[in-house]
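# Analysis of the macromolecular model
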Amino acid sequence: MKPQTFRIAPSILSADFSRLGDEVRAIEAAGADLVHFDVMDNHYVPNLTVGPMVCEAVRRCVGIPIDVHLMVRPVDRLVGDFAKAGANLITFHPEASDHIDRTLSLIREAGCKAGLVFNPATPLHYLDHVMDRLDMVLLMSVNPGFGGQSFIASTLPKIRAVRQRIDAHAAAGGQPIWLEVDGGIKIDNVAEVARAGADTFVAGSAVFGAPDPDGGYRGVISRFRKALESREGGGGKGKG
Ligand code: DX5
Ligand code: ZN
């Protein structure tokens, strides 16, 4: 099996917001590949989190890419603000945008990588006409809005289906597309999620909520990497 790049993206939703700068510095020092930045508007989802000003503050604390997950409606107004605030990737839920193709273009024109997010029951047909405009597909394995929920198992066949579509796209000469999974990812299920075809793993409560008693965040992240490596028979570590 060819070595694969896996990325760990701790979600700040479970961080201590009173010490957010220290928290994001700590996960970068612990080897995280991305900061997953959950934006909720109390409209598209029943919770309210943070906006571009906080993204800009996080940007000043870390060098790793910021992966902004927009759970907002409408979407377009915020794209430029997050790009200016230092976002590297911006994903949104297709049903929250009236013009998916336009929103994807706005994100790329602002200099960011673009992705679509699918809730557990959102059909994959939204991928049909935009594969060439995507840098990432994000599959939700919980209903969005809160950290600490349980992984929904019906996401596994959906991951396999998207993996097939991404591989077919690449085989036909298309650009690389990351496949990220978000919600209920733990050390004991990450290997199964990787076997289904994911390469990028969001973990909120499993990182910020459960630092290793000895190794802190570094300990948890290395346990994630070990679980991923054992799935591969070695060689699972790496950035890119
Ligand atoms: C949920 C958010 C997730 C959340 C994941 O709406 O999009 O990123 O923080 O949290 P855990 O890993 O605790 O399920
Ligand atoms: Zn998220």
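Quantities reported herein were computed from a predicted structural model and do not represent experimental measurements.

## Here we look at the coordination of the zinc ion (ligand 2)
The zinc ion (ligand 2) binds to the protein through His36 (NE2), Asp38 (OD), His69 (ND1) and Asp182 (OD); the donor distances cover 2.1 to 2.3 Å. Classification of the site at the zinc ion (ligand 2) as octahedral follows from its 6 donor atoms and the range of 69 to 170° in their angles at the metal.

## Focus: the packing of aromatic side chains
The geometry of two aromatic rings is summed up by the distance between their centres and the angle between their planes. The final tally for this structure, using the stated rule, is 4 aromatic pairs. With centroids separated by 5.8 Å and ring planes inclined at 55°, the aromatic side chains of Phe6 and Phe201 adopt a geometry described as tilted. Note that Phe6 is positioned in the segment before strand 1 (7-10) and Phe201 in strand 8 (residues 200-203), a separation of 195 residues in sequence. The buried category is assigned to Phe201, whose relative accessible area is 1%.

## As for the pairing of strand 1
A two-sided burial pattern is seen for strand 1, the buried positions comprising Arg7 and Ala9 on one face and Ile8 and Pro10 on the other. The sheet contact formed by strand 1 and strand 8 spans 4 bridges and is parallel. Opposite Ile8, over in strand 8, you have Phe201 as the bridge partner.

## What to know about the site of ligand 1
Taken together, 20 residues surround ligand 1, and among them Asp38, Gly145, Asp182, Gly204 and Ser205 come closest. One of the backbone N or O atoms of Gly145 is found 2.8 Å from an oxygen atom in ligand 1. Contact distances for ligand 1 include 2.8 Å between an oxygen atom and a backbone N or O atom of Gly184. Here ligand 1 loses 100% of its free accessible area of 380 Å² to cover by the protein chains. Those elements giving two or more residues to the shell around ligand 1 turn out to be strand 2 (35-40), strand 3 (66-71) and strand 8. Residues belonging to the shell around ligand 1 are distributed by class as follows: 8 nonpolar, 10 polar and 2 charged.

## Overview of the pairing of strand 8
The two faces of the sheet receive side chains in turn, since in a regular strand these alternate between them. Burial along strand 8 is two-sided: Thr200 and Val202 facing one way and Phe201 and Ala203 facing the other are all buried. With 3 bridges connecting them, strand 7 (residues 178-182) and strand 8 associate as parallel partners. The residue of strand 8 that forms the bridge with Val181 is Phe201.

## Concerning the confidence of the model for the protein chain
Regions with low pLDDT carry predicted coordinates that are not meant to be interpreted in detail. Here the protein chain averages 95 in pLDDT, and 95% of its residues register 70 or above. The model gives residues 234-240 a pLDDT under 50, and that stretch makes 20 contacts with residues more than four places away or in other chains.

## Quick look at the environment of Met136
With respect to the helices and strands, the residue Met136 is situated in strand 6 (residues 136-140). Counting along the chain gives 64 residues from Met136 to Thr200, while the straight-line C-alpha distance between them is 9.5 Å. Not counting chain neighbours up to four residues away, the residues in contact with Met136 comprise Asp67, Leu89, Thr91, Ala114, Gly115, Leu116, Ile177, Trp178 and Glu180.

## Digging into the sheet that holds strand 6
The strand order across the open sheet formed by 8 strands is 1-8-7-6-5-4-3-2, and the pairing between neighbours is parallel. Looking at the sheet topology across the chains shown, the edges are occupied by strand 1 and strand 2. The average angle at which neighbouring strand axes cross in this sheet is 25°, direction not considered. Note that strand 4 (residues 89-92) and strand 5 (residues 113-118) share 4 bridges and pair parallel. Opposite Ile90, over in strand 5, you have Ala114 as the bridge partner.

## What about the pattern of salt bridges?
Tallied over the full model, the rule gives 13 salt bridges. Among the salt bridges present, the one from Glu56 reaches Arg60, with a minimum N-O distance of 3.1 Å. Judged by its relative accessible area of 34%, Glu56 falls in the partly exposed class. In this structure, Asp167 engages Arg163 in a salt bridge whose closest nitrogen and oxygen atoms are separated by 2.9 Å. Of this pair, Asp167 and Arg163 both sit in helix 5 (residues 155-171), 4 residues apart, which is roughly one turn of that helix. Here Asp167 falls in the partly exposed class, since its relative accessible area comes to 40%.

Calculation notes
Residues numbered from 1 in each chain as written. Chains lettered and ligands numbered in written order. Predicted model: local features only at pLDDT ≥ 70, side-chain atom pairs only at ≥ 80, totals over all residues. Heavy atoms only, no water. Donors = N, O, S within 2.8 Å, 3.2 Å for Na, K, Ca; no water. Tetrahedral: all angles 85-135°; square planar, octahedral: opposite > 155°, others 65-115°. Phe/Tyr/Trp six-rings, centres within 6.5 Å; stacked < 30°, edge-to-face > 60°. Helix = DSSP H or I, 4+ residues; strand = E, 2+ residues; numbered from the N terminus. Buried < 20%, exposed > 50% of the residue type's maximum accessible area, 1.4 Å probe, protein only. Pairing = 2+ DSSP bridges. Near = heavy atom within 4 Å. Polar contact = N/O pair within 3.5 Å; in protein donor to acceptor, adjacent residues only side chain to side chain. Areas by Shrake-Rupley, 256 points an atom, 1.4 Å probe, with all protein chains shown as cover. Nonpolar A, V, L, I, M, F, W, Y, C, P; charged D, E, K, R; others polar. pLDDT = per-residue confidence, 0-100. Contact = heavy atoms within 4.5 Å. Axes fitted to C-alpha atoms, helices over the stretch in contact; angles between N-to-C directions. Salt bridge = Lys/Arg side-chain N within 4 Å of Asp/Glu carboxyl O.

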